[in-house]
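# Observations on chain architecture
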Amino acid sequence: MRLATELRRLREAAGLNARQAAALLGVSPAQITHIESGLAGVSEKRLRRLASHYACTDDEFVDALVAMATDRTRGWWEEYRGLLPTSFLDLSELDHHATFQREVAILYVPGLLQTEAYARAVFSARVPELTQEELEVRVEHRKARQVAVDGPCPRPYEVVLHEAALRIRVSDRTASRDQLLRLLELSERDHITLRVIPFDLDNFGRAASAMTYVGGPVPKLDTVVRDVPHGSAFINSEAQLSVCRTRFRKVESVSLEPDRSRDFMHRMAKEL
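Scope of this entry: the structure provided in the associated data block.

Quick notes on the rules
Counting starts from 1 at the beginning of each chain's written sequence and moves along it residue by residue. For this predicted model, a pLDDT threshold of at least 70 governs which residues receive local features, and a threshold of 80 or more governs which side-chain atom pairs are given and counted, while totals over whole chains, interfaces and linings are taken from all residues. Calculation of side-chain values draws on the structure's entire complement of heavy atoms; hydrogens and water are dropped beforehand. We define a salt bridge as a side-chain nitrogen of Lys or Arg found within 4 Å of a carboxyl oxygen belonging to Asp or Glu. Labels follow the DSSP assignment, with helices taken as runs of H or I lasting at least four residues and strands as runs of E lasting at least two, numbered in each case from the N terminus. Residue burial is assigned from relative accessible area. The probe radius is 1.4 Å, only protein chains are included, and a residue is buried under 20% of its type maximum, exposed over 50%, and partly exposed in between. When DSSP locates at least two bridges between a pair of strands, those strands are taken to pair. Two rings belonging to Phe, Tyr or Trp (six-membered ring only in the last case) form a pair when the distance between their centres is within 6.5 Å. Interplanar angles under 30 degrees mark stacking, angles over 60 mark edge-to-face geometry, and anything in between is tilted. Only when the NZ of Lys or the CZ of Arg is both within 6 Å of the ring centre and within 35 degrees of the ring normal is a charge said to sit over the ring. To obtain an axis, a line is fitted to C-alpha atoms, over the contacting stretch when the element is a helix, and the angle between two such axes runs from 0 to 180 degrees between their N-to-C directions. One less than the residue count of a helix, multiplied by 1.5 Å, gives the span that helix is expected to have. Contacts: residue pairs with any heavy atoms within 4.5 Å of one another. Our angle categories are set so that under 35 degrees counts as roughly parallel, over 145 as roughly antiparallel, 65 to 115 as roughly perpendicular, and the remainder as oblique. In this scheme the crossing of two helices becomes right-handed for a clockwise turn of the near helix relative to the far one and left-handed for an anticlockwise turn of less than a right angle.

### Considering the pattern of salt bridges
A full pass over the atoms with the stated rule returns 27 salt bridges. Note that Glu116 and Lys143 form a salt bridge whose closest N and O atoms lie 3.1 Å from each other. Here the residue Glu116 occupies a position in helix H7 (residues 116-124), and Lys143 occupies one in helix H8 (residues 132-145), the gap between them amounting to 27 residues. Lys143 gets classed as partly exposed once you look at its relative accessible area, which sits at 42%. Across the salt bridge formed by Glu158 and Arg249, the nearest N and O atoms sit 3.6 Å from each other. Here Glu158 is found in strand S2 (residues 157-162), whereas its partner Arg249 is found in helix H12 (residues 238-253), with 91 residues between them in sequence. Here the salt bridges do not stand alone but share partners, grouping Arg102, Glu158, Arg195, Arg249, Glu252 and Glu257 into one network.

Put into structure tokens, the structure is as follows:
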């Protein structure tokens, strides 16, 4: 779907309609529509021809689109197709292809950092309630996603956690303490940076914005994920990405440094 979106944007930027683009390739307008709707794939040869006709001179960007178009890898998340909402699978695929991730969490510990008990409590609070089988599938999937930051090929992961996310007890005192200890353990990893925003820190209101920022192979293919009532919203327009980059840096600038953040979480764990 992202490939389809980018090809449509390139065509529109070139000032061409689907019929004109189809003529350049010698195909029907319906085929261009199917490609730009994610209903049909596109070969490397045709993709490069389209990029040339659209006067796209960003070779790195075109190469990244070709890689997307020719990737035939069957991801582990496909095992969950039909068992979980599509947005869960989309998140997994986004994790898999990420070059880096940045996260701002206000009320909950991010899924990639959750303990099993914490994740189970979050899913158990869902309305309407999940069946036991549905609950187990979601917890299992969440644990599998965590290979993105705790597996053999981790990528840089920066997280800013508000104190609220650390203090809200989604389960009991033991689960909250175990979650804090897990965060402390992960914060020692070279590729993970955890920062905390205490309640009493000044100048946070204007910067508050929960989000997940996922780096693509090139900046134009970055994606921001925001929670919505019925799943996740994926943001990928250049203007919105720029706004989200700025928001993350603002949140980061008012948070505690990593060492002070670890001290803060240590004190909280002792309280429990």
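Next comes the rest of the description.
### Some words on the pairing of strand S1 (residues 100-105)
Consecutive side chains along a regular strand alternate between the two faces of the sheet. Across the 6 residues of S1, 5 count as buried, placing the element largely inside the fold. Sheet topology note: the S1/strand S4 (residues 211-215) ladder contains 5 bridges and is antiparallel. When the bridges of S4 are listed, Glu103 appears paired with Thr212. As judged from the 5 bridges shared by S1 and S2, these two strands associate in the parallel manner. Each bridged residue has a counterpart across the sheet, and for Val104 the counterpart in S2 is Val160.

### Focus on the packing of aromatic side chains
This model, assessed by the stated rule, comprises 4 aromatic pairs. Members of the aromatic cluster, connected to one another through ring pairs, are Trp76, Trp77 and Tyr80. Sitting over the ring of Tyr213, Arg102 keeps its end group 5.8 Å from the ring centre. The cationic tip of Lys220 hangs over the ring face of Phe61; the distance from NZ or CZ to the ring centre is 4.8 Å.

### Examining the sheet that holds strand S5 (residues 223-228)
One open sheet accounts for 6 strands, arranged S3-S2-S1-S4-S5-S6; its pairing is mixed. Each edge of the open sheet is held by one strand with a lone partner, namely strand S3 (192-197) and strand S6 (231-235). The average undirected angle you get between the axes of adjacent strands in this sheet is 15°.

### Quick look at H8
Every α-helix winds through 3.6 residues per turn, so residues three or four apart in the chain are directed the same way. In a regular helix each residue adds 1.5 Å, so 14 residues correspond to 20 Å; H8 covers 20 Å between its end C-alpha atoms and thus fits that length. The set of residues buried in H8 consists of Leu135, Val137, Arg138, Val139, His141, Arg142 and Arg145. In the core, the buried residues of H8 are packed alongside helix H6 (86-97), H7 and helix H9 (147-150).

### Let's talk about the packing of helix H2 (residues 18-25) against helix H4 (residues 44-53)
Between H2 and H4, whose axes approach to 10 Å, the crossing angle comes to 120°. In terms of their interaxial angle, H2 and H4 are classed as oblique. Classified by chirality, the crossing of H4 by H2 is right-handed. Contact residues: Ala21, Leu24 and Leu25 in H2; Arg46, Arg49, Leu50 and His53 in H4.

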